[in-house]
Amino acid sequence: MIRLSIVMPVYNEASTITDAIDRVLAVDYPCSVELIVVDDGSTDGTGRLIREYGSRGATVLCHPVNRGKGAAVLTGVRKATGTHVIILDADLEYSPTDIPSMVTPVIEGFSDHVFGSRVFGMNTRFPSYRFAMGGRATTVAANLMYDACLTDMHTCFKLVPLEHFRALALAQEGFGLDTELTASMLRAGIRPYEVPITYNGRDLMHGKKITWRDGFSCIWILLMVRLRKPVTLPERAYELARVVVPMPQSIMAHDEWPDEEMVNAAT
């Protein structure tokens, strides 16, 4: 009964995107899987590289202009048809080989919400001590605000029932969507099941896009969600996830994309 939708937001990742997608397609999953790649207005040739994967079973979408990682994720979630959804960045920091271990608790009935936790010092490489401790500090803040006990609220690997993801009505279009998703789940009373994963972090010189400013934004979003009325999530009814959600007119399928020269000229 489990079908997993893997949503991969992409922005200017020409150096890693084909490797990232090939790794996803090479994994032996314990359930059926669909891959949705969303190009968020890349200008470095990423769009040209991912078009070929449309003929290999992946769903490929494009934002004509850059709108933010959160916007790309929400576009992918609108298109998803699975029972559960998980986000996977295209920068090779996370390994899709960890996804089966995250699906196992769902299959075995332990939990419908699973986070992949980056355990400090175990199968992980953080770009700096400050980066690692910043993530720890905001995780502690979330735990205090919501009486939770997460070890890694900023993990990219969050496996969530699709109908719950949609019911949360998330609005952040930048990196703040990650915080908004976690905070909204905790506010609704969800306590995710955590499993250890590997992590190979990169620094700013190698394309890392998150900065210290995002840490302050995270605290603000945690506070704002804490003050909201909690969302009442639907019961476990996977057929709800299969309702077709209309795509905005600003989203294009891969066969509708303009030539890359036109995109570059427009930007």
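Residue positions are counted from 1 within each chain, in the order its sequence is given. Totals for whole chains, interfaces and linings use every residue, but because this is a predicted model, local features are given only for residues with pLDDT of at least 70 and side-chain atom pairs only at 80 or more, for both listing and counting. Side-chain measures here rest on the full set of heavy atoms in the structure, leaving out hydrogens and waters.

**What about the pairing of strand β5 (residues 114-118)?**
Part 1 of the reasoning: Summary of the burial criterion: residues with accessible area below 20% of their type's maximum are buried, those above 50% are exposed, and those between are partly exposed, where the area comes from a 1.4 Å probe applied to protein chains only. Numbered from the N terminus, helices here are DSSP runs of H or I no shorter than four residues, and strands are runs of E no shorter than two. A large share of β5 lies buried, amounting to 5 of its 5 residues.
Part 2 of the reasoning: The alternating pattern of β5 places Val114, Gly116 and Arg118 on one face and Phe115 and Ser117 on the opposite face, and all of these are buried.
Part 3 of the reasoning: Only strands joined by at least two bridges in the DSSP assignment are considered to pair. The sheet contact formed by β5 and strand β7 (residues 158-161) spans 2 bridges and is antiparallel. Counterpart to Val114 in the pairing with β7 is Leu159.

**Remarks on empty space enclosed by the protein**
Part 1 of the reasoning: Computed over the protein atoms alone on a 1 Å grid, cavities are sets of points where a 1.4 Å probe fits but cannot get out and pockets are open sets with protein on both sides within 12 Å along at least five of seven lines; a residue lines them when it has an atom within 4 Å of a point. Grid points are joined across faces, edges and corners, and a volume is the space filled by probe spheres set on the points. Under the defined criterion, the tally for this structure stands at 2 cavities of 30 Å³ or more.
Part 2 of the reasoning: Residue classes follow a fixed rule: Ala, Val, Leu, Ile, Met, Phe, Trp, Tyr, Cys and Pro count as nonpolar, while Asp, Glu, Lys and Arg count as charged, and any other residue, Gly among them, counts as polar. Split into classes, the residues belonging to the lining of the second largest cavity amount to 6 nonpolar, no polar and 1 charged.

**Quick notes on a nonpolar patch on the surface**
Part 1 of the reasoning: Patches here are clusters of residues that have more than 30% relative accessible area and form no salt bridge, with a 9 Å joining cutoff for like charges and a 5 Å cutoff for nonpolar side chains (Val, Leu, Ile, Met, Phe, Trp, Tyr). To be clear on the numbers: accessible area is Shrake-Rupley with a 1.4 Å probe, and residue cover counts the displayed protein chains and nothing else. Here, a salt bridge means any Lys or Arg side-chain nitrogen found within 4 Å of an Asp or Glu carboxyl oxygen. Taken together, Ile219, Trp220, Leu223, Met224 and Leu227 make up a surface patch of nonpolar side chains, about 500 Å² in accessible area.
Part 2 of the reasoning: Along the chain, the position of Trp220 falls in helix α8 (residues 212-227).
Part 3 of the reasoning: Under the relative-accessibility criterion, Trp220 is labelled exposed at 54%.

**Describing the nonpolar core**
Part 1 of the reasoning: If you look at the biggest cluster of nonpolar residues, it comprises 69 residues, and the most contacted ones within it are Ile6, Met8 and Phe165.
Part 2 of the reasoning: Should any heavy atoms of two residues lie within 4.5 Å, those residues are counted as being in contact. Excluding residues that lie within four positions of it along the chain, Met8 makes contacts with Ile17, Ala20, Ile21, Val24, Leu35, Ile36, Val37, Val38, Leu88, Asp89 and Ala90. Here, nonpolar core means buried Ala, Val, Leu, Ile, Met, Phe, Trp, Tyr and Cys residues that are tied together by side-chain atoms lying within 4.5 Å of each other.

**Here we look at unusual backbone geometry**
Part 1 of the reasoning: Not every positive phi belongs to a glycine, and Leu92 is a case in point at roughly 70°.
Part 2 of the reasoning: Mapped onto the secondary structure, Leu92 falls in the loop between β4 (84-87) and α4 (99-107).
Part 3 of the reasoning: Its identity is not glycine, yet Ala169 carries a phi of approximately 50°, on the positive side.
Part 4 of the reasoning: Checked against the element boundaries, Ala169 lands in the loop between α6 (162-167) and α7 (176-187).
Part 5 of the reasoning: Looking at Ala169, the relative accessible area reads 58%, which means it is exposed.

**Re helix α1 (residues 17-26)**
Part 1 of the reasoning: Residues Ile17, Ala20, Ile21 and Val24 constitute the buried set of α1. Down the axis of α1, the smallest arc covering the buried residues is 95°, so these residues share one side.
Part 2 of the reasoning: Turning to α1, the residues buried within the fold contact β1 (3-10), β2 (32-40) and α2 (46-50). In this description, one arc is meant: the one made by directions from the helix axis to the C-beta atoms.

**Topic: the confidence of the model for the chain**
Part 1 of the reasoning: Per-residue confidence for the chain averages 85 on the pLDDT scale, and 83% of its residues sit at or above 70.
Part 2 of the reasoning: Across the chain, each position has a pLDDT score giving the predictor's confidence in that residue, from 0 to 100. Taken as a whole, residues 237-250 scores under 50 in pLDDT and shows 31 contacts with residues more than four places along the chain or in a different chain.
Part 3 of the reasoning: Segment residues 260-267: pLDDT under 50, and 9 contacts once partners within four positions in sequence are set aside and those in other chains are kept.

**Structural notes on the packing of aromatic side chains**
Part 1 of the reasoning: Pairing of aromatic side chains here covers Phe, Tyr and the six-membered ring of Trp, requires ring centres within 6.5 Å, and sorts the geometry by plane angle: under 30 degrees stacked, over 60 edge-to-face, intermediate tilted. Applying the stated criterion to the full structure yields 3 aromatic pairs.
Part 2 of the reasoning: Between Phe110 and Tyr193 the ring centres are 6.2 Å apart and the planes differ by 20°, which places this aromatic pair in the stacked class. Taken together, the positions of Phe110 in the loop between α4 and β5 and Tyr193 in strand β8 (residues 193-197) put the pair 83 residues apart, joining distant regions of the chain.
Part 3 of the reasoning: When its relative accessible area of 53% is taken as the criterion, Phe110 is described as exposed.
Part 4 of the reasoning: With a relative accessible area of 35%, Tyr193 lands in the partly exposed category.
Part 5 of the reasoning: Lying across the ring of Tyr199, Arg118 places its NZ or CZ 4.7 Å from the centre. Working rule: Lys NZ or Arg CZ, within 6 Å of ring centre, within 35 degrees of ring normal, means a charge sits over the ring.

**So, the side chain of Thr139**
Part 1 of the reasoning: Counting through the fold element by element, Thr139 comes out in helix α5 (residues 129-146).
Part 2 of the reasoning: Judged by its relative accessible area of 4%, Thr139 is buried.
Part 3 of the reasoning: Beyond its immediate stretch of four places on either side in the chain, Thr139 contacts Leu150, Thr151, Asp152 and Met153.

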